[in-house]
Amino acid sequence: MERRYFLMSGAALASGVAAAQRSPNDTIRVACVGVRGQGNAHIREYLRMKNVEIAAVCDIDEKVLNQRLGDIEKAGAKRPKWYTDYRKLMEDKSIDAVSIATPNHTHTLIAIAACQAGKDVYVEKPCSHNIFEARQIVKAAQKYKRVVQHGTNSRSSVALR
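Quick caveat, the model's predicted, so the values are computed rather than measured.

**Concerning the sheet that holds strand β3 (residues 81-83)**
Within a sheet, adjacent strands bond to each other through the backbone by hydrogen bonds, running parallel or antiparallel. Taken together, six strands build an open sheet; the order of strands is β3-β2-β1-β4-β5-β6 and the sheet is parallel. Because the sheet does not close on itself, it has two edges, and the strands there are β3 and β6 (148-150). If you compare each strand with its neighbour and ignore which way they point, the axes differ by 20 degrees on average. Two elements, strand β1 (residues 28-33) and strand β4 (residues 97-100), share four bridges in a ladder whose sense is parallel. Paired with Ala31 across the strands is Val98, a residue of β4. Running over the sheet, helix α2 (residues 38-48) touches β1, β2 (52-58), β4 and β5 (120-123) and is turned about 155 degrees from β2.

What follows is the structure, given as structure tokens:
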């Protein structure tokens with residue numbers, strides 16, 4: 001068997017085992033960190049998803065934070081917990097995943113902290129400022145066995161050329 005096919009079948013097996021441990025009916029509890037511009041878009045999308053609950057919202061600007069909490073309630077969802085310090089949010093064992101849309105220079109640190117806290121991660125671009133930082137995210141994801149997704153949407157739009 002070629003190495004490539006062995007690795008692909010191993011990855012498929014591993015993802016199948018992970019899926020078997022969690023029911024498709026389970027609700028994913030996500031925390032949104034940084035909820036002004038792009039983070040607000042994250043909230044709107046999570047509100048539309050079945051089996052996803054916005055469990056927490058975090059932003060250092062309490063005015064923005066309160067606006068988003070109100071928006072979530074107006075959409076008919078339960079009022080989530082709220083934080084102004086992402087480090088406190090990471091202590092919440094009931095949160096499954098963290099969605100990061102903070103200013104760029106904080107992406108790496110928050111992504112690594114989420115992995116260390118046992119949470120899966122979605123992080124907006126750029127996930128890091130250099131290769132060293134990116135490798136630290138990969139190491140954290142591997143060490144803590146977490147899923148990390150880096151957003152790269154709109155990288156080819158006409159407006160960016």
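**Some remarks on the side chain of Asn40**
Locating Asn40 in the fold gives a position in helix α2. Given the relative accessible area of 16%, Asn40 is considered buried.

**Things to note about the nonpolar core**
By size, the foremost hydrophobic cluster in this structure holds 24 residues, and its most contacted members are Val33, Tyr86, Leu89, Met90, Val98, Ile100 and Val121. When residues of this core are traced back to their parent elements, those giving at least two are β1, β2, α4 (86-89), β4, α5 (107-116), β5 and α6 (131-143). Top element by residues in this core is α5. It accounts for six residues. One finds Val35, Tyr46, Leu65 and Leu69 within the second-largest nonpolar core, a separate group that totals twelve residues.

**Some remarks on the confidence of the model for the chain**
With 80% of its residues at a pLDDT of 70 or more, the chain shows a mean pLDDT of 86. Across residues 1-17 the pLDDT falls below 50, and counting only partners more than four positions away or on other chains, this stretch makes one contact in the model.

**What to know about α2**
Among the residues of α2, those classed as buried are Gly39, Asn40, Ala41, His42, Ile43 and Tyr46. Considering only its buried residues, α2 is in contact with β1, β2, α3 (62-74), β4 and β5.

**Notes on unusual backbone geometry**
A cis geometry characterises the amide bond from Lys125 onward to Pro126, with omega recorded as -15 degrees. Topologically, Pro126 is positioned in the loop between β5 and α6. Even without glycine at this site, Asn51 takes up a positive phi of about 60 degrees. When you line up the elements, Asn51 lands in the loop between α2 and β2. Located in the positive-phi region is Lys145, a residue other than glycine, with phi close to 55 degrees. For Lys145, the position within the fold is in the loop between α6 and β6.

**A closer look at the pattern of salt bridges**
The full count for this structure, using the stated rule, is nine salt bridges. The salt bridge involving Asp71 is made with Arg68; its shortest N-O contact spans 3.3 Å. Placement of both Asp71 and Arg68 in helix α3 is noted, with a separation of three residues, approximately one turn of the helix. Judged by its relative accessible area of 24%, Asp71 falls in the partly exposed class. Glu73 is the salt-bridge partner of Arg79, the closest N and O atoms lying 3.0 Å from each other. According to the relative accessible area criterion, Arg79 is partly exposed, its value standing at 39%. Counted as one network, the salt bridges with shared partners bring together Arg29, Glu53 and Lys78.

Thresholds applied
Residues numbered from 1 in each chain as written. Predicted model: local features only at pLDDT ≥ 70, side-chain atom pairs only at ≥ 80, totals over all residues. Heavy atoms only, no water. Pairing = 2+ DSSP bridges. Helix = DSSP H or I, 4+ residues; strand = E, 2+ residues; numbered from the N terminus. Axes fitted to C-alpha atoms, helices over the stretch in contact; angles between N-to-C directions. Contact = heavy atoms within 4.5 Å. Buried < 20%, exposed > 50% of the residue type's maximum accessible area, 1.4 Å probe, protein only. Core = buried A, V, L, I, M, F, W, Y, C linked by side-chain atoms within 4.5 Å. pLDDT = per-residue confidence, 0-100. Salt bridge = Lys/Arg side-chain N within 4 Å of Asp/Glu carboxyl O.

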